[in-house]
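Overview (structure and organization)
Now for the letters of each chain:
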Amino acid sequence: MPIHHLASAGELHLRNEQLSYVLRLSPRGRPELLHFGGPIDPELSHGHLVPPVVAWCTEPGRPECPTPGSGDFGAPALVLEQADGSSTLELAYVGHRILAGKPAIPGLPSTYVERDEEADTLEVELADARSGARVFLVYTVFRDLAVVARHLRVVNGGDAPLTLRCAMSASVDLPGGAWELTQLSGGWARECQVVRRPVAPGSQSIGSLRGHSSHHHNPLLILERGDTTEERGDAYGLSLVYSGNFLAEVEASADKIRARIGIHPGAFSWKLAPGEELCTPEAILAYSAEGRGALSEAYHQLFRERLARGPWRDRPRPVLLNSWEAVYCDFDEERLLRLAAEARDLGVELFVLDDGWFLGRDSDQTSLGDWTPDPRKLPGGLARLGRAVEAMGLGFGIWIEPEMVSQRSQLFAAHPDWAIGSPGRTRTEYRHQRVLDLSRPEVVEWIFQAIAGLLRSAPIRYVKWDMNRSITEPFGGMLPAERQGEFFHRYVLGVYALYRRLADAFPEVLFESCSSGGGRFDPGMLACAPQAWTSDCTDAMERLATQWGASLCYPLSSMGAHVSAVPNHQMGRVTSLETRGAVAFFGVLGYELDPGALEDGARAILRDQVAFYKAHRELLQRGRFFRLVSPFEGDRNHASWMCASRDAQRAIVGYYRVLQHVGEPSHLIRLRGLDPAARYRVSAWPGSEPGAGGDAFVIRGGDELTRVGLLIPGESDAGPRQGDFGSRLFVLERCWGVPVPHPPVIP
Ligand code: GLA
């Protein structure tokens with residue numbers, strides 16, 4: 001049983017092999033955090049770690065649910081305004097219960113268990129006698145993962161309305177001292193850039209008020225002691241299973257830091273009539289004593305296996321060709337079928353028709369909402385096209401953007417009031433489109449029927465669900481004035497309801513989420529769609545950075561990664577097909593170009609890439625991922641990462657160099673996830689010497705590869721001069737002591 005109650009000391013201890021999370025139920029009723037970190041003895045009291053509050057000091061130690069006005073002067077987790085306008089609460093401990101397993105959170109995506117033995121859940125109930133508010137702090141500890149899931153449930157048990165002004169999913173007070181904060185920030189087409197900075201006194205935060213989690217900041221914070229690396233040291237993560245406005249903040253005071261994460265209070269309030277309740281989204285707290293790498297691995301495993309759901313969770317993800325950068329909106333059935341045939345000849349498994357297939361959609365200026373195939377381009381509709389694609393032996397998929405409406409559309413003409421906007425105010429222009437008011441159940445119902453009809457009308461196996469604009473002039477058309485603060489959250493609840501209904505109705509469809517690339521790349525979406533379009537930028541060098549950053553928290557099976565044409569459409573940069581492939585392999589591989597426009601030689605390279613990826617797909621999509629050389633650190637000119645099978649039998653290493661310099665030295669890259677006692681056959685792919693093919697190999701010890709490193713030859717060692725944007729791929733296979741005389745040297 002991973003949750004222990006030490007009644008004599010009033011302590012509750014969540015524990016597994018990798019972490020302990022110890023709470024004290026203080027006499028004043030506020031649960032306090034005594035310890036979050038490495039596992040410690042659950043039969044001993046740990047109360048001495050945080051001395052109890054003394055009479056002359058009002059400031060509580062490390063409250064798990066800080067509220068304003070009663071002695072805690074830090075950032076609150078819960079602000080509950082009462083009928084008289086006061087937000088002061090005196091939350092007293094009422095009781096707690098421990099449940100096997102993990103209950104779902106109504107209306108919200110969350111992590112889950114398949115068997116009750118996988119986790120235990122603790123609910124601590126607190127109450128404020130005067131207002132009647134009841135607050136449940138809910139914690140789940142997984143048996144085999146270094147994570148604790150937390151959320152809050154607030155119930156109005158009184159007889160007057162209450163208004164939530166702030167309801168964070170988790171607030172964690174950790175000891176003070178030197179901390180480093182890592183966040184994933186950026187913007188459109190350069191999402192998930194790793195930003196690391198020392199925690200300074202005062203507060204530092206990231207967040208979104210755009211209605212979606214945003215390209216600008218990802219709902220993740222990593223806190224580390226200053227000397228933590230990929231392999232060593234304490235690392236803590238806070239991630240939020242949510243796709244809307246969020247706040248993630250660290251506040252450092254004299255003797256502690258407080259990290260909190262949840263719905264952004266800056267555009268949120270929620271009215272609780274007597275008897276009503278609200279559950280917050282789930283926060284995932286992770287801990288690693290073995291550096292950032294192990295922290296990421298805990299998130300990867302949880303998100304891949306117990307957040308993603310449905311039949312596609314464990315299935316190999318198909319290699320796809322997406323029509324967007326190949327033809328944009330300029331196509332007809334014949335052109336698409338030619339593209340599909342080219343894709344089939346490469347070994348691609350799924351043909352995806354992106355934007356531009358519905359009534360009058362020749363640019364981004366019209367037609368969103370009119371989900372009927374355009375007879376000018378598709379006289380036989382999606383059905384005939386889909387059947388023809390299937391007849392080639394490919395799956396067929398489409399792009400939709402169901403949350404949107406174009407002003408020039410039949411839907412807007414019929415229901416102008418369904419588009420979000422504040423009455424009487426000018427609407428902010430944004431990509432010629434408006435967002436539908438998904439806080440209204442009838443709008444969700446209409447979209448469900450429209451998309452369900454579409455999915456029934458043709459053999460559609462995959463859906464790319466896009467969301468291309470932020471929400472401005474937020475206003476819920478059916479919400480009374482005092483509930484307008486609920487709009488953003490109700491919108492997100494509408495999105496989740498729609499996703500859930502469609503995923504339930506079409507379990508065999510593979511959904512990929514998208515928001516102009518990674519504008520809604522978050523754990524909430526991962527629960528809806530097991531993969532996401534990581535970024536609209538397909539340039540290999542830019543993708544190195546974005547995929548590296550995203551991997552801090554998200555598994556490779558969730559990251560769509562496509563090889564596109566050069567000059568790259570977003571950057572104008574020219575990289576080799578080999579480098580484009582070597583980056584896209586570390587994700588869910590796809591192509592986004594017209595193979596018919598390439599030379600035969602280039603097509604042959606693509607064919608080899610697809611075959612290589614399929615042969616190693618299990619390893620690349622579900623293996624252990626290790627970051628080796630960061631594109632964000634050091635000379636920023638090199639990067640390397642690898643996937644290793646869980647049994648350490650096989651591995652693939654990717655090595656990348658941005659700019660070639662004269663006299664480039666050799667590099668030794670220490671590999672991970674291998675068995676130091678084993679030997680490995682190391683080959684370069686697709687073979688580095690002309691004529692050598694994939695046959696050149698060397699035998700190296702796992703000890704050498706992990707303790708000394710894999711040698712990447714420099715120029716002086718007759719290494720390859722690939723020019724700028726070079727890359728190398730190495731395939732490692734364990735060999736069983738077979739002596740190999742004079743193996744050839746990898747050049
Ligand atoms: C967004 C997506 C792209 C593409 C276009 C189509 O920008 O991120 O991949 O689907 O929309 O309009």
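Residues numbered from 1 in each chain as written. Predicted model: local features only at pLDDT ≥ 70, side-chain atom pairs only at ≥ 80, totals over all residues. Heavy atoms only, no water.

Summed over all chains, the structure comprises 29 aromatic pairs. Aromatic ring contacts, followed pair by pair, group Tyr21, Phe36, Tyr139, Trp179, Tyr236 and Tyr287 into a single cluster. We note Arg681 situated over the ring of Phe697; from NZ or CZ to the ring centre the distance is 4.0 Å. (Phe/Tyr/Trp six-rings, centres within 6.5 Å; stacked < 30°, edge-to-face > 60°. Lys NZ or Arg CZ within 6 Å of the ring centre and 35° of its normal.)

We now examine helix α3 (residues 333-346). Between the first and last C-alpha of α3 there are 20 Å, a value that for 14 residues agrees with the 20 Å anticipated at 1.5 Å per step. Among all positions of α3, only Glu333, Leu336, Leu339, Ala340, Ala343 and Leu346 are buried. Buried residues of α3 fall within an arc of 140° about the axis and therefore sit on the same side. For α3, the exposed residues lying more than 90 degrees away from the buried face are Glu334 and Arg338. Just downstream of α3, Gly347 is the residue with a positive phi angle, here 100°. (Helix = DSSP H or I, 4+ residues; strand = E, 2+ residues; numbered from the N terminus. Expected span 1.5 Å × (residues − 1). Buried < 20%, exposed > 50% of the residue type's maximum accessible area, 1.4 Å probe, protein only. Arc of directions from axis to C-beta.)

What follows deals with the domain arrangement of the protein chain. Size of an interface: often given as the accessible area lost when the parts come together. Domain boundaries in the protein chain define domain 1 (3-306), domain 2 (312-622) and domain 3 (625-735). For domain 2 versus domain 3, the separation of C-alpha centres amounts to 34 Å. At the junction of the two partners, domain 2 supplies 25 residues and domain 3 supplies 29 residues. Its largest share of buried area at the contact with domain 3, domain 2 owes to Trp548, Phe586 and Leu619, together 34% of the area lost on that side. At the junction of domain 2 and domain 3, the tally comes to zero salt bridges. Linking domain 2 with domain 3 are five residue pairs in polar contact (both at pLDDT 80 or more), by the criterion used here. Residue assignment for the side of domain 2 that touches domain 3 shows that the elements contributing at least two residues are α9 (540-550), α10 (577-584), α11 (600-615) and α12 (617-622). Of the residues that constitute the side of domain 2 that touches domain 3, the class distribution is 14 nonpolar, seven polar and four charged. (Domains from an automatic or database assignment. Contact = heavy atoms within 4.5 Å. Buried area = accessible area lost by both parts, 1.4 Å probe. Salt bridge = Lys/Arg side-chain N within 4 Å of Asp/Glu carboxyl O. Polar contact = N/O pair within 3.5 Å; in protein donor to acceptor, adjacent residues only side chain to side chain. Nonpolar A, V, L, I, M, F, W, Y, C, P; charged D, E, K, R; others polar.)

A word on the sheet that holds strand β36 (residues 697-701). Sheet architecture is open: six strands sit in the order β31-β32-β33-β38-β35-β36, paired in antiparallel fashion. Taken across any chain shown, the strands that pair with only one partner, and hence form the sheet edges, are β31 (624-629) and β36. Averaged over all adjacent pairs, the angle separating strand axes in this sheet is 25°, with direction ignored. As paired strands, β31 and strand β32 (residues 638-644) are joined by five bridges and run antiparallel to one another. Its bridge partner lying in β32, Arg624 is registered against Ala644. (Pairing = 2+ DSSP bridges. Axes fitted to C-alpha atoms, helices over the stretch in contact; angles between N-to-C directions.)

What follows is about the nonpolar core. One finds Trp357 and Phe586 to be the most contacted residues of the largest nonpolar core, which totals 197 residues. Of the residues forming this core, the biggest block, nine residues, is contributed by helix α7 (residues 487-505). Setting aside anything within four residues of it in sequence, one finds Phe586 in contact with Gln547, Leu556, Leu620, Phe625, Trp641, Met642, Cys643, Ile652, Val653, Gly654, Tyr656 and Leu729. Within the second largest apolar cluster, 21 residues are counted, among which are Met642, Ile669, Ala684 and Phe730. (Core = buried A, V, L, I, M, F, W, Y, C linked by side-chain atoms within 4.5 Å.)

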